[in-house]
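Tertiary structure, described
These are the residues of each chain, in order.
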Amino acid sequence: QVQLVESGGGLVQAGGSLRLSCAGSGSTFTNYRVGWFRQAPGKEREFVAAIRWSGGTSPYYADSVKGRFTISRDNAKSTMYLQMNSLKPEDTAVYYCAADRPPLSVGQVASPGQYDYWGQGTQVTVSS
């Protein structure tokens, strides 16, 4: 059974940075797509970024985070990261990592329903 565990959330001032980690277990993830979503109070869960674990394609980013957030992974550690820079108060949310097992659908990369496994979430709060 695949398990995902996030860490690295916290409170930061606007303009600051945080790095989220997502440690995976229970699979090699070789042919998976892994991604980050976030959910603010009263809002739907929204896509942030995604990447093919095996590489070969460019990462996907939501327009709202392009140029500020970077998704990456460490194969040896089975860990995915989200480096968040220039944080804004509107980035405040619970951040979730997720994994989509193959076969993968290119057109559904931003759809939460496409992902099969989820972490428990980590809170990110950006103060103004």
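Residues numbered from 1 in each chain as written. Predicted model: local features only at pLDDT ≥ 70, side-chain atom pairs only at ≥ 80, totals over all residues. Heavy atoms only, no water.

Secondary structure assignment for the chain yields zero helices and 11 strands. Start at the N end of the chain and walk to the C end: the helices and strands fall as β-β-β-β-β-β-β-β-β-β-β. Scaling as 2.2 N^0.38, a compact globule of 128 residues should have a C-alpha radius of gyration of about 14 Å, and the chain matches this with 14 Å. Counting only C-alpha atoms and orienting by the principal axes, one finds that the chain spans roughly 40 × 30 × 25 Å. Among the 128 residues that make up the chain, the fraction classed as buried is 42%. Of the contacts formed within the chain by residues at least 6 apart in sequence, a portion of 59% connects residues at least 24 apart. As displayed, the chain offers around 6,400 Å² of accessible surface, 46% of which is attributable to carbon and sulfur atoms. Taking the average location of the 12 positive side-chain charges in the chain and that of its 9 negative ones, the two points are 4 Å from each other. (Helix = DSSP H or I, 4+ residues; strand = E, 2+ residues; numbered from the N terminus. Rg over C-alpha atoms; globule rule 2.2 N^0.38 Å. Buried < 20%, exposed > 50% of the residue type's maximum accessible area, 1.4 Å probe, protein only. Contact = heavy atoms within 4.5 Å. Areas by Shrake-Rupley, 256 points an atom, 1.4 Å probe, with all protein chains shown as cover. Lys, Arg positive; Asp, Glu negative; His and termini not counted. Charge placed at Lys NZ, Arg CZ, Asp CG, Glu CD.)

Take the pattern of salt bridges next. With the rule as written, the count across this model stands at five salt bridges. Between Arg33 and Asp100 there is a salt bridge, with the nearest N and O atoms lying 3.2 Å from each other. Residue Arg33 is found in strand S4 (residues 33-39), and its partner Asp100 is found in strand S9 (residues 93-100); the two are separated by 67 residues along the sequence. Like Asp100, Arg33 is buried. Of the charged contacts, one joins Lys66 and Asp63 as a salt bridge, the two residues approaching to 3.3 Å between their closest N and O atoms. Sharing partners across several salt bridges, the network here consists of Arg38, Glu46, Arg68 and Asp91. (Salt bridge = Lys/Arg side-chain N within 4 Å of Asp/Glu carboxyl O.)

For the bond from Pro102 to Pro103, the omega torsion is 5°, close enough to zero to count as cis. Secondary-structure assignment places Pro103 in the loop between S9 and strand S10 (117-118). Of note in the backbone geometry, Ser86 takes a positive phi value of approximately 50° without being a glycine. On the secondary structure map, Ser86 appears in the loop between strand S8 (79-84) and S9. When its relative accessible area of 42% is taken as the criterion, Ser86 is described as partly exposed.

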